[in-house]
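So you can see what is in the structure, the chains are spelled out below.
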Amino acid sequence: MKKNSIDGIVFDLDGTVYLGEKALPGATDGIAALRRHGIRVLFVSNKPLQPRQVYAAKLSRLGIPATADDVITSGFVLGQHLARTAPDLRLYVIGEPPLKGELRSHGLTVVEESDQDPKEVIDPSGIDAVVVAFDRTLDYRKLNTAYQALRQGARFFATNADKTCPMPGGAIPDAGATIAALEHITGRRLELLAGKPSPLTMQVALAGLGTAPEHSLMVGDRLETDIRMGRDAGMITALPLTGVTQGADLAHSDIQPDFVVAHIGELVHMILTPGT
Ligand SMILES: [Mg+2]
């Protein structure tokens, strides 16, 4: 890979840049070296659980200085997209407070039940769109409100569609479980997905980098999301073997990255060392 062919890089976070509270090999020094060479970098997470500043603070803590503007979450992508295309929708959000804050920060309207009165019911005619996200406080009232609104024709969006979220020692149900429940009981299909592998995420990322797709690299550890999405956007793709994908998975997949590396350190070496 020639460094003059890469102007910008989009990095997945979990399994690519860090795992838990540890930076993966080469991430800290490598990303610093890329920036010194004038290559723009951006970080993408599918999780709508935290504001972008929180991911930026974690990166900074791990030795990769970052601000909120360096990070894209599925909540940010949805907020930006809706602010541009449908700013007046009244949104009912199955999600946690930081996501509601993110959507409001884009000037969007979020309708909510009262925390004080657990019996309060929102009139479904006051809801124009249901937004489903990872929500660890999901309950019957939220499911019912979303169901009634969807039955009356509300639009059906999601930040992310991951079935489960990996946790130390296993996984917990994610937004995909709630989307499936609502699709099952309404007979409707999700209309709009903001997070990976939606092309919207790459559009927002490339706009943030300000680079052409053919001179941009998508780096991530999941074939089905990161690599597929980068490839579909016309970007160069690289898969580090530090996350969920192992060599055997790669051999059996019809999604093949342009480059497979042991870790980000190896990738940065390839990009910055002429002749490799
Ligand atoms: Mg990952």
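Computed from a prediction, not measured in an experiment: that's the story for all the values here. (Residues numbered from 1 in each chain as written. Predicted model: local features only at pLDDT ≥ 70, side-chain atom pairs only at ≥ 80, totals over all residues.)

Turning our eyes to something else, we now look at the domain arrangement of the chain. Domain boundaries in the chain define domain 1 (3-46 + 196-272) and domain 2 (87-193). Between the C-alpha centres of domain 1 and domain 2 there is a distance of 30 Å. (Domains from an automatic or database assignment.)

This part is about the pairing of strand β10 (residues 164-167). In terms of strand pairing, β10 meets strand β11 (residues 170-173) through four bridges, oriented antiparallel. Paired with Met 167 across the bridge in β11 is Gly 170. Where β10 folds back on β11, the antiparallel hairpin that results is connected by two residues, among which Gly 169 adopts a positive phi of roughly 85°. (Pairing = 2+ DSSP bridges. Helix = DSSP H or I, 4+ residues; strand = E, 2+ residues; numbered from the N terminus.)

This brings us to the nonpolar core. Ile 9, Phe 43, Val 130, Val 131, Val 132, Ala 133 and Ala 158 are the most contacted members of the largest nonpolar core, which has 75 residues in total. If sequence neighbours within four positions are ignored, Val 130 has contacts with Tyr 92, Ala 146, Ala 149, Leu 150, Ala 154, Phe 156 and Phe 157. (Core = buried A, V, L, I, M, F, W, Y, C linked by C-beta atoms within 7 Å. Buried ≥ 20, exposed ≤ 12 C-beta atoms within 10 Å, placed from the backbone. Contact = placed C-beta atoms within 7 Å.)

Right, let's get into the sheet that holds strand β6 (residues 90-94). Spatial ordering of the open sheet is given by β7-β6-β8-β9-β12, a layout of five strands whose pairing is parallel. Looking along the sheet, the strands with just one partner apiece sit at the ends: β7 (109-111) and β12 (192-193). Two strands pair when backbone bridges link them, and strand β8 (residues 129-132) and strand β9 (residues 155-158) are joined in this way by four bridges, in the parallel orientation. What sits directly across from Val 131, in β9, is Phe 157. Of the strands in this sheet, β6 and β7 are in contact with helix α4 (residues 97-105), which crosses β6 at around 160°. (Axes fitted to C-alpha atoms, helices over the stretch in contact; angles between N-to-C directions.)

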